Structure formats: C-alpha cells, structure tokens
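# Overview (structure and organization)
In case you want the letters, here they are:
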Amino acid sequence: MLNKRLNFKGFKLLMWLIFLIYLAILVEVVILKNGTAITIARSRAALGLEMPLSKRIAYSNFIPFKTILLYISGQGYNIIQNIFGNILVFIPLGFLLPILFNNCKRLNNTIFISILVSASIETIQLLFNLGSCDIDDLILNTLGSIIGFVIYNNINFSIANKLKLEIKTKNK
C-alpha cells in the first residue's frame with residue numbers, strides 16, 4: 001500500500017514538472033515568439049513606430065471565425081502554423097489539467113481554465129504589442145484543450161477498465 005502511494009506521489013510530481021515545463025514553453029513560443037516579439041517591440045519603440053493601443057485594438061479580430069475562414073479560403077498565410085499550431089499548443093493543457101486538478105475532471109471546468117489562459121495570452125499580446133489579438137486564436141486554443149481532455153479521458157477509461165479486469169481475475 002505504501003509503495004502504491006509513493007508511486008502515485010512520484011507520478012503527480014512528474015506531472016507537475018511536465019506542467020511547469022509546458023507553461024514555460026507556452027510563454028516562450030506563444031507570447032515571446034522565441035524572443036523575437038520583444039526584439040521587434042523594442043525596435044518599434046526605439047524608432048518611434050510603436051502603434052498606440054487604440055490602433056492595436058482596431059486591428060484586432062473580435063469576430064469569431066473571421067481569421068479561420070480567411071485561412072481556409074487560402075487568403076491567409078501559413079495555415080498550418082496558425083490553425084493547427086493554435087490547436088496543438090493547447091492539447092497538453094487539456095490533458096494535464098484533469099490529472100493535476102480534481103475539479104478539472106469535468107470538461108466544462110477544463111474549458112473555463114483554457115479560455116482564461118488563452119484570453120490572458122491574447123490580452124498580453126494586445127497590451128504589450130507582442131503579437132496580434134484574435135478571438136479565433138482563443139477558439140482554436142480551446143478546441144486544442146478539448147482534444148487534450150478527450151485524450152485524457154480515453155486513457156483514463158482504458159486504465160480503469162484494465163484495473164477492473166485485473167481485480168475480477170484475481171477474485172476468481
């Protein structure tokens with residue numbers, strides 16, 4: 001029994017470590033854009049080319065599916081990075097949240113946290129001129145979290161069924 005508890009604690013610790021590394025990578029890739037976002041923002045400011053917040057808000061997309069439809073129609077650039085990248089980058093969040101937080105074992109709670117994280121990223125990009133603010137990114141990020149949650153549930157269901165089968169076999 002003690003051995004199982006230690007294994008569970010070790011597993012939880014490993015998941016926390018993975019979660020923290022994931023969050024660091026998320027900030028580096030999505031917000032800082034591997035360091036280029038800050039360099040570009042500083043260069044704009046030094047040259048007096050920094051766009052005022054009111055203009056950044058005007059150029060932001062607050063119309064759901066506008067950018068997604070633009071990419072699908074072939075008018076946008078780099079469809080793979082923009083659509084699939086926004087989905088893929090949030091799959092780990094949807095997978096890790098229910099492992100680490102009991103209240104995130106329900107899909108609606110995981111969706112809520114994912115929306116908060118994505119909206120925070122979009123707000124930071126808007127306020128600090130580190131990228132574009134787009135409601136479609138929030139939609140795609142949330143879809144990625146849902147996919148991660150479904151993967152978690154499928155794995156969790158498979159493990160639970162395997163354990164039930166093992167218990168039935170031992171009791172016979």
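Nothing here was measured: the structure is a model prediction, and the numbers come from that model.

### Remarks on the overall build of the chain
In terms of regular secondary structure, the chain is built from eight helices and zero strands. Starting at the N terminus, the α and β elements of the chain follow one another as α-α-α-α-α-α-α-α. Residue burial in the chain is summarised as follows: out of 172 residues, 29% are buried.

### As for the side chain of Thr142
Tracing the chain through its elements places Thr142 in helix H8 (residues 135-171). A polar atom in the side chain of Thr142 sits 2.8 Å from the backbone oxygen of Leu138. Setting aside residues no more than four positions away along its own chain, Thr142 makes contact with Ile111 and Ile115.

### A few points about helix H5 (residues 79-88)
Every buried residue of H5 is listed here: Asn82, Ile83, Asn86 and Ile87. Viewed along the axis of H5, the buried residues span an arc of 110°, placing them on a single side of the element. Residues of H5 that are exposed and point more than 90 degrees away from the buried face comprise Ile80, Gln81 and Leu88.

### Regarding unusual backbone geometry
Positive phi, close to 50°, is recorded for Lys33, a residue that is not glycine. Its location among the elements puts Lys33 in the loop between helix H1 (2-31) and helix H2 (36-46). Backbone geometry places Phe65, a non-glycine residue, at a positive phi of 75°. Here Phe65 falls in the partly exposed class, since its relative accessible area comes to 45%.

### A short note on the nonpolar core
Counting 18 residues, the largest nonpolar core has Phe19, Tyr22, Leu26, Phe90, Leu93 and Ile121 as its most contacted members. Broken down by secondary-structure element, the contributors of at least two residues to this core are H1, H2 and helix H6 (91-100). Per-element accounting of this core gives the leading share, six residues, to H1. If we ignore the near neighbours within four places in the chain, the residues touching Phe19 are Leu93, Leu96, Leu97 and Leu100. Counting residues in hydrophobic clusters, the runner-up holds six residues, among them Tyr71, Ile83, Ile87 and Leu140.

### Describing the packing of H6 against helix H7 (residues 107-127)
Direction vectors running N to C along H6 and H7 enclose 130°, while the axes themselves pass 10 Å from each other. Between H6 and H7, the angle falls in the class oblique. Judged by the sense of rotation from one axis to the other, the crossing of H6 with H7 is right-handed. Contact with H6, carried on its side by Leu93, Gly94, Leu97 and Pro98, involves Thr110, Ile113, Ser114 and Val117 of H7 and no other residues of that element. Here the residues of the contact of H6 with H7 sort into five nonpolar, three polar and no charged.

### A look at the side chain of Ser145
Within the fold, Ser145 resides in helix H8. The exposure class of Ser145 is buried, given its relative accessible area of 1%. Apart from the residues lying within four places of it in its own chain, the contact partners of Ser145 are Phe90, Ile91, Leu93, Gly94 and Ser114.

### As for the environment of Gly131
Looking at the secondary structure, you find Gly131 in the loop between H7 and H8. Judged by its relative accessible area of 32%, Gly131 is partly exposed. Once the C-alpha coordinates of Gly131 and Ala37 are considered, the two residues, 94 residues apart in sequence, prove to be 7.1 Å apart.

### Some remarks on a nonpolar patch on the surface
A contiguous nonpolar surface patch, about 720 Å² in accessible area, is contributed by Phe65, Leu69, Ile72, Ile79, Ile80, Phe84 and Leu88. Of all elements in the fold, only helix H4 (66-72) and H5 reach the threshold of two or more residues within the nonpolar patch. Counting residues per element, the nonpolar patch draws most heavily on H5, which supplies four residues. If you trace the backbone, Leu88 turns up in helix H5.

Rules and cut-offs
Residues numbered from 1 in each chain as written. Predicted model: local features only at pLDDT ≥ 70, side-chain atom pairs only at ≥ 80, totals over all residues. Heavy atoms only, no water. Helix = DSSP H or I, 4+ residues; strand = E, 2+ residues; numbered from the N terminus. Buried < 20%, exposed > 50% of the residue type's maximum accessible area, 1.4 Å probe, protein only. Polar contact = N/O pair within 3.5 Å; in protein donor to acceptor, adjacent residues only side chain to side chain. Contact = heavy atoms within 4.5 Å. Arc of directions from axis to C-beta. Core = buried A, V, L, I, M, F, W, Y, C linked by side-chain atoms within 4.5 Å. Axes fitted to C-alpha atoms, helices over the stretch in contact; angles between N-to-C directions. Parallel < 35°, antiparallel > 145°, perpendicular 65-115°, else oblique. Left-handed = near helix turned anticlockwise from the far one by under 90°. Nonpolar A, V, L, I, M, F, W, Y, C, P; charged D, E, K, R; others polar. Patch = residues over 30% accessible without salt bridge, like charges linked within 9 Å, V, L, I, M, F, W, Y side chains within 5 Å. Areas by Shrake-Rupley, 256 points an atom, 1.4 Å probe, with all protein chains shown as cover. Salt bridge = Lys/Arg side-chain N within 4 Å of Asp/Glu carboxyl O.

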